[in-house]
Amino acid sequence: MNDWSQALSRFSDTTAGAPVATHSGNRGLDLEEPLLFEQDKPGRCGVDLPEPPVLVQDRLGGLARTAPIGLPGLSEPEVVRHFTRLSRRNYAIDSGLYPLGSCTMKHNPRLNEKLARLPGFADLHPLQPISTVQGALALVDQLAHWLKTLTGMPAVAMSPAAGAHGELCGMMAIRAALNARGETRNRVLVADSAHGTNPASAVACGFTVESIPANDRGRVDLAALKALLGPDVAAIMLTNPNTCGLFETDIIEIAEAVHAAGAFFYCDGANFNAIVGRVRPADLGIDVMHLNLHKTFSTPHGGGGPGSGPVVLAAALAPFAPLPWVVHGTDGFDLIEQPDGDAVASFGRLKGFHGQIGMFVRALAYMMSHGSDGLRQVAEDAVLNANYVLAGLRDVMTPSFDGPCMHEVLFDDRFLKDTGVTTLDLAKALIDEGYHPMTMYFPLVVHGALLIEPTETESRATLDQFIAVLRALALDARSGKADYFAAAPVLAPRRRLDETAAARCPVLRWTPAPALRSAAE
Amino acid sequence: MNDWSQALSRFSDTTAGAPVATHSGNRGLDLEEPLLFEQDKPGRCGVDLPEPPVLVQDRLGGLARTAPIGLPGLSEPEVVRHFTRLSRRNYAIDSGLYPLGSCTMKHNPRLNEKLARLPGFADLHPLQPISTVQGALALVDQLAHWLKTLTGMPAVAMSPAAGAHGELCGMMAIRAALNARGETRNRVLVADSAHGTNPASAVACGFTVESIPANDRGRVDLAALKALLGPDVAAIMLTNPNTCGLFETDIIEIAEAVHAAGAFFYCDGANFNAIVGRVRPADLGIDVMHLNLHKTFSTPHGGGGPGSGPVVLAAALAPFAPLPWVVHGTDGFDLIEQPDGDAVASFGRLKGFHGQIGMFVRALAYMMSHGSDGLRQVAEDAVLNANYVLAGLRDVMTPSFDGPCMHEVLFDDRFLKDTGVTTLDLAKALIDEGYHPMTMYFPLVVHGALLIEPTETESRATLDQFIAVLRALALDARSGKADYFAAAPVLAPRRRLDETAAARCPVLRWTPAPALRSAAE
Amino acid sequence: MRYLPLTDADRGAMLASIGVPSIDALFRDVPAPARRDGLVDLPRAMGELEVERALGRLAARNLGAGSVPSFLGAGAYRHHVPASVDHLIQRGEFMTSYTPYQPEVTQGTLQYLFEFQTQVALITGMEVANASLYDGASACAEAVMMANRLTRRRKAVLSGALHPHYRATTATHARFTGFELVETPAQPMGDEALVPLIDDKTACVVVQNPDCFGRVHDFTALAEACHAKGALLVVVVTEIVSLGAIVPPGQMGADIVAAEGQSIGNALNFGGPHVGLFATRERFVRQMPGRLVGQTVDAEGRRGWVLTLSTREQHIRREKATSNICTNAGLCALAFTIHLALLGEAGFVRLARLNHARACALADRLALVPGVAVLNDRFFNEFTLRLDRPAAPVVEALAERGVLGGVPLARLFPDRPDLAPLLLVAATEMNTDEDIESFAATLTEVLS
Amino acid sequence: MRYLPLTDADRGAMLASIGVPSIDALFRDVPAPARRDGLVDLPRAMGELEVERALGRLAARNLGAGSVPSFLGAGAYRHHVPASVDHLIQRGEFMTSYTPYQPEVTQGTLQYLFEFQTQVALITGMEVANASLYDGASACAEAVMMANRLTRRRKAVLSGALHPHYRATTATHARFTGFELVETPAQPMGDEALVPLIDDKTACVVVQNPDCFGRVHDFTALAEACHAKGALLVVVVTEIVSLGAIVPPGQMGADIVAAEGQSIGNALNFGGPHVGLFATRERFVRQMPGRLVGQTVDAEGRRGWVLTLSTREQHIRREKATSNICTNAGLCALAFTIHLALLGEAGFVRLARLNHARACALADRLALVPGVAVLNDRFFNEFTLRLDRPAAPVVEALAERGVLGGVPLARLFPDRPDLAPLLLVAATEMNTDEDIESFAATLTEVLS
Ligand SMILES: Cc1ncc(COP(=O)(O)O)c(C=O)c1O
Ligand SMILES: Cc1ncc(COP(=O)(O)O)c(C=O)c1O
């Protein structure tokens, strides 16, 4: 006869030491779920495949795998339940407001998912004869047309797989253009409020990075920038609107100064949502900019990708765009995959194949759905929502800068001074209230930053509740409830996690014995 | 300047009077959601349709709708979030064990969903020319072949939309056969452990119902049945395995007695999962039986349908099957939609069109996936799992009958005697533990019934934890924790709901003023 | 087998802890003659890819209505369903849960059913609606039986312009529960005289709007005539989208509305599953068939929903229940609720106007085809044509040329040779100008 | 617009509570010359149905690989993905959440990434893996740069049999970060001599298995030669399913594995999105690019997961980061994790065997076609043919006849006329006997 209680202790593992309200460790609809590897039954399989024919002799050249792999065996019902349960431990746009500044977490239409799955797109091999993929090439061409028109730029490189990849692409184009001019410029000036990928991308192209200080209005200090400019400066990297949620008011002068110094102007377009349809980067003097299709154009962020980061380019940089190029050929579209013909100056290839086509379908469907009128409305509503949040909170929290913001609003932690409550604590309290926290401690230019980006797909009622909750929490903080904040969250699937321990002795994979031990620790 | 706190009170409505841990009323990932109607913004729309051309004059004959309808206006993001949040307040098979006795809550494969959505099935109009739907008719024919083969019966009526609809169909066929024989028999004998639909269906065909008592072994009392049989008995209705989870051991003698009395034997096939592939109802002397495709053959229950309830028929009843009939015609398949030709004796039509075709695709995909071998294994594993639960609990709970059970196991509340804990309390405590409760207070033949049907798609590990939890709860009950049980559940989205109040003054729809009032009550 | 979590090792260990030697021991209650040792004569298990191929081949042998210009209606309509609808109904928490018997963990289902009931009541102009029935035809039969219970009368007058499937379904119930049906013959032209048929034995009159020839009617006077005789008016609606454009039955004085909801949120599915809508007056609710969700509060005073008035239902009342229905059309009702939530007031009205406009365009174009006459002067998105020859072979000829050109009334009224030349055609927002052109051109070709 | 919840009434009220007269006031920081009043020159908003039609037309202008017999590989493979995979990755909680920066409410993402890391480590035979990179080619470039960091050397030796896209991607990074590449020419026959190219300036040697001609290799000796010189061995895998059948790189002594994971769980997508796999030795982890999920406990001692070792990453280290990568391939990694969870040990091994068997059958059949020679004596599911003429036009001719007959190596090596007659063909579990027959028959026809 079994000792049934083992079945409990097994599950208590996952909540070892904790005072569990239930025998199972579950809490109503909040269900604990062990790792796949802890559910292994040898031989069990969630896919039925025909028995392979016995080969007289394989052609693996004596390299047939003999050692077991160690993958767990589960049935389909268990796998479906496993991932359903995991999904229920996530917050998402579909669940509620996700005001993560600089991430543009907007609604992801299901239409786009449906279209990306059409066999005519999803079931195409990248190396099929060009004659059999004319529709897919037309798709790339149409999306390129939308991006070029919205930015006012003459060319676009479609292959980068994300924003950072786009930065790399842009900086490489700049380097290639300089080489073509026979110039060696190695300095790149990056705004100190820039996202970490900016300096990292510049360095990945062999540049050295210096930071441009911000002025007290949260913008680039024009004088300081001019002082930094010189014959050895290859480019500057700014984000506009910048990561303080502010439009760079001097941007045209900045562009002129940069061009006068013979350098290029790279703009991080992650915040394009604030100005799409209302401002064309080309009109600001920008030479090159990446667009995060997974932000402004709503391709789902997917818990960390896949993304897509096309890069629009000024004429001076266009010839150096990476391969492949979709071009209009004699009969239909053609694909240039080698650095010859028109693409002879291309700096080369950034990834396998042609780009994030599946994301292109989604982004184009999104753009067509909005149209020129809808996209302009997107920018206006995104900015309106952010300013509405600012107006609702300015008297109880501390906005870092005066005046209206663009699509996101930046607060610092002065309003928490002497409360014993930190930016982090406030964010964790928001989790109990049913919200995803805002971006914290970024940008680095203010202390204890709280960067809130509601996006245009949030309703006024949602913002009203969010504002009311933040107002109430700000009040709580000032009324000495520091302990409440320090303990938060208490209603989520997990309390605060020990990140120090995780980094001190990293457990980066499951292994039979140790994992159980560490779980039982 | 807005009074932001209104935004809170609005939401507190939904938790009026309750001590809420948070300002928003949300609890981490457990999010409150108002009604659609409370999110209305006039003019807002989640679907973009082209502006209809202005008609010189409509052809509605002066009946154009003028009064507003009162539907709320929401955007797509709000609608997606609304229903995502609602879904997260449900328990489901995908989340965990759903041991609802007599409901056969088994895994629903996504393959079946995908196939049912193939345009070749989902996008067919029921009245297209027969020549354009040969594949769909072949599908019906193939599914019919599987059902006839598995039951050993010569005919099947495919159109019933659910089990109860199948019961109606079966009883109508019996009535039609009797009429054809020129016999008027009005009494139908129904086992007292039968599901409520059985007597209701019999009455809906104009029969009077009498109940057949069970013996102390939980089976039909053969002697009592024989005593009830007579020339005015049209049919008996039994469920086999019955709703006590027991196989009717005397079933063959019962069939003989029924037939000797000139009556028909209707079997409720809701529990076919216990015997599929191992026992053919035809071999038991059954004349007619419905099958719940949404139970045995895994079409999703969908929170209350749609289902499908084909009815297998003995030769004596086959001619009376309802319309339409799918038949093999001269060129391909044909559809008989009128009571003529072979179908001249058909008792008529039960619903619009041809049946639950979308469910047929799913059920056939399920059957093909299992095959004759897999379906037999289904019955064996379903029975094995139920007996495993019985073995794990027999010493701490009180099984109502001796011996092994079939696919479900019945306990009564004797083990709760003098604990102050009821069957209902125990079920509610299971909710906090992360389980859907078993079927309660059904069947009516035992006191405080707890009917547990794990199904074959639950793993041993899942059953081990379930058993362990029930053992622990049984112990808690006996150790005087009645208050804990009376209060349960406390971890679900809602505590126990006031069903009496709901029935006393029913609020069956939202109405602008009253709904708010009653919510605030 | 991919769906079965138990391994042979599990099975052995489980049999051991049960204390039986073999699985057969657990089937010992099965009488020996009925035990089967071998496998039934059916194919063995197939992998997902094989099943996909096999059923894919079957699907490929059908002509998908969306793959050609298509103009079929007659109780099932091809509308555009937003992608988010199908995404949301497939959420496991909706699709794989049971009827919401445990309200604490099924508030999701209960709340949307409450929203569904409200939507149905609003668009039909009625006071209350239930949580769905199987389909429109069975809802029609339930309506008549409910009228019988309410009036304690056993006669129903059916309009000849009621969809023949609805009439047949109702007739089946009449035959077995023994109530009387008075049916008038189907008349594609002219008004039918139903009032004279109403007497003090009449439980209800059943009419359809738009009717099965596509005509729209004002039933206000009929409702008054019914009420004057103590009878109820049952109005059937097979194209629910029509209620965005025409006066709702409730406003005409209907006592019960039985409708088909497929047009909103649901695919054609070759006829099923669809979703039956059922609405009536508040005072009749205790005689209503099907499930009802009601609002209440929980132990903490928070608003919530439960299944209510179950004393009408089979699981409580058994043979005394108002209906035998149990499983209904939950997930189709959810699709309906989501789609209508997306449409909202503005979208629903616009969708209806758009349908009417498409149908007007189609009627005007087809009227120009030699040998074709449009019979309706009033319609919503569907109307009747009289051809200069039997319609059925014409439709076959159209199908061969890649046009699904409507429903020949001979298919619905085989016993009415006089209706053989009639063709029922519908247009929705799915039909483009090109569709209409190619229909007209092909029809011209076929008729010439 | 259906995606925008604000109404004009909202906008007015919100502007009022902000205290500005118009939306333009909020854009006042935009320099006047850059302000645009009109709309950009692009189409206006479209409804869902219109967008569906427009993009449906584009999709219809492509020849879906599944609609004909298809034998393309060369870095992207057509495998069967169970329906449950695509269902689960579309759950809103996965698809619409961000990188898991808030672990308390993203345990779902974090746990599957931890499972993904473990799966990748297991099948490659390595100690640790990261949470994904963009794709195989970019992973290859990252591997070389990581080797440079680890060895503080700046020379990489690339096998000529490395996929040309991988080589090109790596070369791009080499050009801009200034490290040296030594490349051997592609040789479809015979072994290449890499060992002599390794010296004490060599950071790493990069090889591929199976290589871009489909050949499988044992790199054990090469690994020893690398280590003897203090260099690292980087093994690239473009067909990850092969690891179910052949000895994994880890067992051969690889120091870094850079692979493409598309074959498991992901569609072809015309080349993207795919998913880059990256695995290495535990002691190298702090030089690893990309995200890492680590196990820890929460304040109640319950096991949980977090993003860890972030001090390698750009958002902490900025210009000193090990890589600039931020967004990676999360959802594709989830598809990989789910599919591999379904396969498990038994299914993964069987799938690999099945692929090898299909390829053997294909090779045997094509070898019988006049004018065709099979070059490989050893392969997994892909091999190289030598035709009696240039392969590219042959492939075009095959496509016209409804067969996607592999990848002409001229497309990957345009600068190598000597490779023009070579055709790279792959077979997977998706290819039926009929597919193989019609390929062989059509090829015979085209070559005769
Ligand atoms: C301002 C900014 N720049 C660049 C990036 C990097 O984009 P991606 O994550 O797509 O690589 C981000 C993303 O968070 C960002 O917010
Ligand atoms: C034993 C039994 N009979 C009949 C039914 C009715 O089937 P349906 O709900 O499909 O109408 C059920 C469903 O719960 C049942 O359990």
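Residues numbered from 1 in each chain as written. Chains lettered and ligands numbered in written order. Predicted model: local features only at pLDDT ≥ 70, side-chain atom pairs only at ≥ 80, totals over all residues. Heavy atoms only, no water.

Description of the overall build of chain C
Thought 1: A count of helical and extended segments in chain C gives 15 helices and 13 strands.
Thought 2: In terms of its C-alpha atoms, chain C occupies a principal-axis envelope of roughly 80 × 55 × 50 Å.
Thought 3: Counting contacts in chain C only where the partners sit at least 6 residues apart, residues at least 24 apart contribute 71% of the total.
Thought 4: Roughly 12,600 Å² of accessible area belongs to chain C as shown, and the carbon and sulfur atoms make up 52% of that amount.
Thought 5: Separation between the mean location of the 41 positive side-chain charges and that of the 48 negative ones in chain C comes to 5 Å. (Helix = DSSP H or I, 4+ residues; strand = E, 2+ residues; numbered from the N terminus. Contact = heavy atoms within 4.5 Å. Areas by Shrake-Rupley, 256 points an atom, 1.4 Å probe, with all protein chains shown as cover. Lys, Arg positive; Asp, Glu negative; His and termini not counted. Charge placed at Lys NZ, Arg CZ, Asp CG, Glu CD.)

Digging into the overall build of chain A
Thought 1: A tally of helices and strands in chain A yields 15 helices and 13 strands.
Thought 2: Structurally, chain A occupies a C-alpha span of about 85 × 80 × 45 Å along its principal axes.
Thought 3: Taken across its 521 residues, chain A has 72% of its residues classed as buried.
Thought 4: Each charge sign in chain A was given a centre, from 43 positive and 56 negative side chains, and these centres are 3 Å apart. (Buried < 20%, exposed > 50% of the residue type's maximum accessible area, 1.4 Å probe, protein only.)

With respect to the domain arrangement of chain C
All names here are of chain C.
Thought 1: By domain assignment, chain C separates into domain 1 (83-340) and domain 2 (345-447).
Thought 2: Listed as interface residues are 26 residues of domain 1 and, on the opposing side, 21 residues of domain 2.
Thought 3: Between domain 1 and domain 2 lies a buried interface of about 1,800 Å² when both sides are counted; carbon and sulfur atoms form 71% of it.
Thought 4: The interface formed by domain 1 and domain 2 holds zero salt bridges in total.
Thought 5: Scanning the region where domain 1 abuts domain 2 turns up five residue pairs in polar contact (both at pLDDT 80 or more).
Thought 6: The element that contributes the greatest number of residues to the side of domain 1 that touches domain 2 is helix H8 (residues 164-177), accounting for three residues.
Thought 7: Class assignment for the residues of the side of domain 1 that touches domain 2 results in 16 nonpolar, seven polar and three charged. (Domains from an automatic or database assignment. Buried area = accessible area lost by both parts, 1.4 Å probe. Salt bridge = Lys/Arg side-chain N within 4 Å of Asp/Glu carboxyl O. Polar contact = N/O pair within 3.5 Å; in protein donor to acceptor, adjacent residues only side chain to side chain. Nonpolar A, V, L, I, M, F, W, Y, C, P; charged D, E, K, R; others polar.)

Focus on the sheet that holds strand S13 (residues 450-452) of chain B
Backbone-to-backbone hydrogen bonds pair the strands of a sheet. The strands run either parallel or antiparallel.
Residue and element names in this part refer to chain B.
Thought 1: If you walk across this open sheet you meet the four strands as S10-S11-S13-S12, and the pairing is antiparallel. Across the chains shown, the open sheet's two edge strands, defined by having one partner strand only, are strand S10 (398-399) and strand S12 (439-440).
Thought 2: Sheet topology note: the strand S11 (residues 409-412)/S13 ladder contains three bridges and is antiparallel. Along S13, the bridge assignment pairs Phe411 with Leu450. (Pairing = 2+ DSSP bridges.)

Let's talk about the interface of chain B and chain C
Thought 1: Taken residue by residue, the interface counts 212 residues in chain B and 194 residues in chain C.
Thought 2: Contact between chain B and chain C buries roughly 17,500 Å² in total, counting both sides, with carbon and sulfur atoms accounting for 63%.
Thought 3: Summed over the three residues of chain B that lose the most area to chain C, namely Arg59, Leu63 and Leu508 of chain B, the buried surface amounts to 5% of that side.
Thought 4: At the surface where chain B touches chain C, the tally comes to 15 salt bridges.
Thought 5: Lys428 of chain B is paired through a salt bridge with Glu104 of chain C; the nearest N and O atoms lie 2.8 Å apart.

Let's talk about the pairing of strand S3 (residues 208-212) of chain A
On a regular strand, one side chain projects to one face of the sheet and the next to the other, so that they alternate.
All names here are of chain A.
Thought 1: Inspection of the sheet shows strand S2 (residues 187-191) paired to S3 by five bridges, in the parallel sense. Bridging across to S3, Leu189 finds its partner in Glu210.
Thought 2: Handedness of the β-α-β unit built from S2, helix H7 (residues 197-204) and S3 comes out right-handed. (Right-handed = clockwise from strand over helix to strand, strands pointing away.)

Description of the sheet that holds strand S11 (residues 382-387) of chain C
Residue and element names in this part refer to chain C.
Thought 1: Read from one edge of the open sheet, four strands run S10-S11-S13-S12, paired in antiparallel fashion. Where the open sheet ends on each side, the last strands, each with one partner, are strand S10 (372-374) and strand S12 (407-408).
Thought 2: Relative to S11, S10 runs antiparallel, the two being bridged by three bridges. Among the inter-strand pairings, Val374 is bridged to a residue of S11, identified as Leu385.

Details of the interface of chain A and chain D
Thought 1: Facing the 211 residues of chain A at the interface are 194 residues of chain D.
Thought 2: The salt bridge involving Arg411 of chain D is made with Glu337 of chain A; its shortest N-O contact spans 2.6 Å.
Thought 3: Our enumeration of links across chain A and chain D arrives at 98 residue pairs in polar contact (both at pLDDT 80 or more).
Thought 4: Broken down by element, the side of chain A that touches chain D gets its largest block of residues, 25 residues, from helix H10 (residues 357-393) of chain A.
Thought 5: Its residues assigned to classes, the side of chain A that touches chain D shows 111 nonpolar, 59 polar and 41 charged.

A few points about the site of ligand 2
Thought 1: In the vicinity of ligand 2 lie 15 residues, with Ser102, Asp268, His294 and Lys295 of chain B together with Thr327 of chain C positioned nearest.
Thought 2: The environment of ligand 2 is shared, with nearby residues belonging to chains B and C.
Thought 3: Take Asn292 of chain B: an N or O atom from its side chain is 3.1 Å from an oxygen atom of ligand 2.
Thought 4: A total of 390 Å² of accessible area belongs to ligand 2 in isolation, and the protein chains cover 99% of it.
Thought 5: Counting residues per element, the shell around ligand 2 draws most heavily on helix H6 (residues 163-181) of chain B, which supplies three residues. (Near = heavy atom within 4 Å.)

Examining the site of ligand 1
Thought 1: Near ligand 1, the surroundings consist of 15 residues, among which Ser102, Asp268, His294 and Lys295 of chain A together with Thr327 of chain D are the closest.
Thought 2: Ligand 1 sits at a junction of chains, with neighbouring residues supplied by chains A and D.
Thought 3: Within the side chain of Ser102 of chain A, one N or O atom sits 2.4 Å away from an oxygen atom of ligand 1.
Thought 4: His294 of chain A is positioned such that a nitrogen or oxygen atom in its side chain is 2.6 Å from an oxygen atom of ligand 1.

Quick word on unusual backbone geometry
Thought 1: Following Asn240 of chain B, the chain continues to Pro241 of chain B via a peptide bond in cis, the omega torsion being -10°.
Thought 2: Of note, the bond from Asn209 of chain D into Pro210 of chain D is cis; its omega dihedral lies within 30 degrees of zero at -15°.
Thought 3: Structurally, Pro210 of chain D is set in the loop between strand S4 (202-208) and helix H9 (220-228).
Thought 4: Positioned with a positive phi, Ser298 of chain B is a non-glycine residue whose angle comes to about 65°.
Thought 5: Here Ser298 of chain B shows up in the loop between strand S6 (288-290) and strand S7 (311-313).

Examining the side chain of Thr151 of chain A
Thought 1: One can find Thr151 of chain A in helix H5 (residues 134-151).
Thought 2: Residues within four places of Thr151 of chain A in sequence aside, it is in contact with Phe272, Arg280, Pro281, Ala282, Met289, Leu291 and Val312 of chain A.

Side note on the domain arrangement of chain A
Residues and elements named next belong to chain A.
Thought 1: As assigned here, chain A comprises domain 1 (112-366) and domain 2 (375-504).
Thought 2: Distance between the C-alpha centres of domain 1 and domain 2: 31 Å.
Thought 3: Interface area for domain 1 against domain 2, summed over the two sides, is near 1,800 Å², with a carbon-plus-sulfur share of 65%.
Thought 4: At the junction of domain 1 and domain 2, the tally comes to one salt bridge.
Thought 5: Here the residues of the side of domain 1 that touches domain 2 sort into twelve nonpolar, nine polar and four charged.

Some thoughts on the confidence of the model for chain A
All names here are of chain A.
Thought 1: Residues with a pLDDT of 70 or more make up 95% of chain A, whose mean pLDDT is 94.
Thought 2: Within the model, pLDDT remains below 50 along residues 9-20, and this stretch shows 25 contacts once partners closer than five positions in the same chain are excluded.
Thought 3: Confidence drops under a pLDDT of 50 for residues 515-521, and excluding neighbours within four residues, the segment shows nine contacts in the predicted structure. (pLDDT = per-residue confidence, 0-100.)

As for the environment of Leu443 of chain D
Residue and element names in this part refer to chain D.
Thought 1: Inspection of the secondary structure assignment puts Leu443 in helix H15 (residues 433-447).
Thought 2: Of the residues examined, Leu443 reaches a relative accessible area of 0% and is grouped as buried.
Thought 3: Sequence separation of Leu443 and Val372 is 71 residues, and the distance between their C-alpha atoms is 9.2 Å.
Thought 4: The contacts of Leu443, once residues within four sequence positions are left out, are Leu366, Val369, Val372, Val394 and Leu398.

Brief notes about the pattern of salt bridges
Thought 1: Counting across every chain of the model gives 119 salt bridges over all chains.
Thought 2: With a shortest N-O distance of 4.0 Å, Arg44 of chain C and Asp373 of chain B are connected by a salt bridge. Separated into two different chains, Arg44 of chain C in the loop between helix H2 (23-26) and helix H3 (48-60) and Asp373 of chain B in helix H10 (residues 357-393) make up a pair that spans both.
Thought 3: Note on Arg44 of chain C: relative accessible area 53%, which makes it exposed.

Some words on the packing of helix H6 (residues 163-180) of chain A against helix H8 (residues 164-177) of chain D
Thought 1: In contact at an axis separation of 11 Å, H6 of chain A and H8 of chain D are set at 55° when each is read in the N-to-C sense. Viewed along their axes, H6 of chain A and H8 of chain D adopt a mutual orientation that is oblique. As for the relative orientation of H6 of chain A and H8 of chain D, their crossing is left-handed in sense. Residues Leu168, Met172, Arg175 and Ala176 of chain A of H6 of chain A touch H8 of chain D, and the partners they reach there are Thr172, His173 and Phe176 of chain D.
Thought 2: For the contact of H6 of chain A with H8 of chain D, the per-class residue count stands at four nonpolar, two polar and one charged. (Axes fitted to C-alpha atoms, helices over the stretch in contact; angles between N-to-C directions. Parallel < 35°, antiparallel > 145°, perpendicular 65-115°, else oblique. Left-handed = near helix turned anticlockwise from the far one by under 90°.)

Focus: helix H12 (residues 460-478) of chain B
Residue and element names in this part refer to chain B.
Thought 1: Compared with an ideal rise of 1.5 Å per residue, which puts 19 residues at 27 Å, H12 spans 27 Å between its outermost C-alpha atoms and is within 8% of the ideal.
Thought 2: H12 sits mainly inside the fold: 16 of its 19 residues count as buried.
Thought 3: Positive backbone phi, approximately 75°, marks Gly480, located one or two places after H12. (Expected span 1.5 Å × (residues − 1).)

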